[in-house]
Amino acid sequence: MWIKRDFQDNFDPKGALPVKVLTGPRQVGKTSLLERLAATEVVYFDDPVVRDLANADPRLFLDQKPTRLVLDEAPRAPNLFLELKRRVDEARRLQTAHQLDYWVTGSNQTLLQRSVKESLAGRANFFDLNTLSLHELQATDLSHQLLRGGWPELRTNHKLDSVRYLNDLISAFIERDIVTSAGVTKTGPFNKLLQLNAGRVGQQYIPSELAQACGVDQTTVQSWNQVLAQNGILTLVPAYHSNLQKRLTRTAKLYFQDVSVAVRLQGWTTFQPIFTTPMMGHFFENIVYSEIHRFFINHLLPAKIYHLRTKEKVEVDFLVELPNQCFVAIEAKMTPSDFTDKQVALTESLKLNNLADRITVSHQQSVPMRHSQNILAEEIWEKLESYLPTSP
């Protein structure tokens, strides 16, 4: 079963460079998407025979392939990248670059970005894909979102054991592939950091505390989390800073790109105990973050997402900047609760040129509010899209 991706509706090949790089973690559907979107042929470098042929003679290998091609897990054949560079440069000299349509994918972003930056700078566009959004799923079952996330295979095959699936994903992709490519030697502290990160979803990111708990220095913690962010596992949402508001803090907040990974790292296996834990509010906040983030990347736009927090601990979960310079302030609440007077005053004190709205996203049925619009999590996409200018 194929769940249509919003990327398909928003990608326009006319403005793209000859090489397109589609990034994203394992098992988010990169290859399946490109099989439907772009390919006349897909080369799978998981096959060691194919990989050896490409590395041995990349020029001959590509000579035997069409110029519209998907190179899946391309970092496994690193010798290809210089040959791609040569082909793009030659096509530009001959003014035939429009005939080239190479898609490159790779789950390990550490290796992929290293290869692309060294060989294909100015010749490749980057696009991002992560797990399914609520908008793509067209359904919001909180238990499924927490325990199965947006992983396409888990959402299309309900017979799969989600605990085993996520355990294997964490073990193979995070604890093995990412650790190896990033040169992490202290695997014990690294795995502990993963679990500590999961326990701090939606909370302030304080590297010194994590470093002390893991028994490593602060620089190491920051380096490891940077690698996890680069590979689409987690993200650090920066604090919005304004010269007009000196009371704002600058500490980032931590979220996982798919909340199910944080839930699994914390050891949860069933929904009901999660629902009654104090972490439930943080998990829901993470779900809201992920939907906002998917809105941007699936529209092929940079995600400009911030949070607000003053030294007096007045907070707003998200301040979202749209491409038309509109801002939207968003609070994530399991049960409907309006912006407080202090939160309203905080958003007004920023003196933004265009604060389009204040939104409270809740899990329960929306209700009228005085300071904000109350919507459900599955309505985030349409609400944000309504603030964008319509095409002529």
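Refer to the preceding data block for the structure.
Small disclaimer: the values here were computed from a predicted structure and weren't measured. (Residues numbered from 1 in each chain as written. Predicted model: local features only at pLDDT ≥ 70, side-chain atom pairs only at ≥ 80, totals over all residues. Heavy atoms only, no water.)

Caption draft 1: Layout of the pairing of strand β8 (residues 253-256). The two faces of β8 match: K253 and Y255 on one face and L254 and F256 on the other face are all buried. Sheet analysis places strand β7 (residues 234-237) next to β8, joined by four bridges and oriented antiparallel. Paired with T235 across the two strands is Y255, which belongs to β8. (Buried < 20%, exposed > 50% of the residue type's maximum accessible area, 1.4 Å probe, protein only. Helix = DSSP H or I, 4+ residues; strand = E, 2+ residues; numbered from the N terminus. Pairing = 2+ DSSP bridges.)

Caption draft 2: Broad picture of a negative patch on the surface. Judged by side-chain charge, E378, E379, E382 and E385 come together as a negatively charged surface patch. Checked against the element boundaries, E379 lands in the loop between β13 (373-376) and α18 (380-386). Overall, E379 belongs to the partly exposed group, its relative accessible area being 35%. (Patch = residues over 30% accessible without salt bridge, like charges linked within 9 Å, V, L, I, M, F, W, Y side chains within 5 Å. Areas by Shrake-Rupley, 256 points an atom, 1.4 Å probe, with all protein chains shown as cover. Salt bridge = Lys/Arg side-chain N within 4 Å of Asp/Glu carboxyl O. Lys, Arg positive; Asp, Glu negative; His and termini not counted. Charge placed at Lys NZ, Arg CZ, Asp CG, Glu CD.)

Caption draft 3: Structural view of the side chain of T235. Residue position: T235 is located in strand β7. On the basis of relative accessibility, which here comes to 16%, the residue T235 falls in the buried class. If we skip the residues at most four places from it in the chain, T235 touches K253, L254, Y255, Q257 and Y289. (Contact = heavy atoms within 4.5 Å.)

Caption draft 4: Representation of the sheet that holds β8 within the structure. Read across the sheet, three strands follow the order β6-β8-β7 without closing on themselves; strand pairing throughout is antiparallel. Edge strands, defined here as strands with exactly one partner in the open sheet, are β6 (203-204) and β7. The sheet strands contacting helix α16 (residues 280-298) are β6, β7 and β8, and the helix crosses β8 at an angle near 75°. (Axes fitted to C-alpha atoms, helices over the stretch in contact; angles between N-to-C directions.)

Caption draft 5: The sheet that holds β13, seen in detail. Across the sheet, five strands lie side by side as β9-β10-β11-β12-β13; this open sheet has mixed pairing. If you trace the sheet from one side to the other, it starts and ends with β9 (305-309) and β13, each paired once. Sheet twist, expressed as the average angle between the axes of neighbouring strands with direction ignored, equals 35°. Relative to strand β10 (residues 315-321), β9 runs antiparallel, the two sharing four bridges. Looking across to β10, one finds that I305 is bridged to V320. The strands that α16 touches are β9, β10, β11 (327-333) and β12 (355-362); relative to β10, the one it contacts most, it runs at about 10°.

Caption draft 6: Examining helix α12 (residues 207-214) more closely. Along α12, the positions that sit buried rather than exposed are P207, L210, A211 and C214. Take α12 and look down its axis: the buried residues cluster within an arc of 100°, on one side only. The inward-facing, buried residues of α12 contact α11 (187-198) and α13 (218-230). At the exit of α12 stands G215, carrying a positive phi of roughly 80°. (Arc of directions from axis to C-beta.)

Caption draft 7: A look at helix α2 (residues 30-37). The set of residues buried in α2 consists of K30, T31, L33 and L34. The arc that holds every buried residue of α2, seen down its axis, measures 155°, which confines them to one face. Where α2 is buried, its residues contact α1 (7-10), β1 (19-23), β2 (42-44), β3 (68-72) and β4 (101-106).

Caption draft 8: Looking closely at the pattern of salt bridges. Summed over all chains, the structure comprises 20 salt bridges. The shortest N-O distance in the salt bridge between D177 and R176 comes to 3.2 Å. A salt bridge links E285 to K253, with the nearest nitrogen and oxygen atoms 2.9 Å apart. With E285 in helix α16 and K253 in strand β8, the pair connects residues that are 32 residues apart, well separated along the chain. Overall, K253 belongs to the buried group, its relative accessible area being 3%. Where salt bridges share partners, they join D63, E83, R86, R87 and E90 into one cluster.

Caption draft 9: Layout of the packing of aromatic side chains. Scanning the model with the defined rule gives 16 aromatic pairs in all. Each ring, one from F11 and one from F127, has its centre 5.4 Å from the other, and the planes form 90°; the classification is edge-to-face. Of this pair, F11 sits in the loop between α1 and β1 while F127 sits in strand β5 (residues 124-128), and the two are 116 residues apart along the sequence. Comparing F11 with F127 shows no difference in burial state: the two are buried. By the ring-pair criterion, three or more aromatic residues cluster together here, those being F7, F11, W103 and F127. If you follow R36 out to its NZ or CZ, it ends over the ring of W2, 4.1 Å from the centre. A cation over an aromatic ring shows up here: K65 above the ring of F61, its NZ or CZ 5.3 Å from the ring centre. (Phe/Tyr/Trp six-rings, centres within 6.5 Å; stacked < 30°, edge-to-face > 60°. Lys NZ or Arg CZ within 6 Å of the ring centre and 35° of its normal.)

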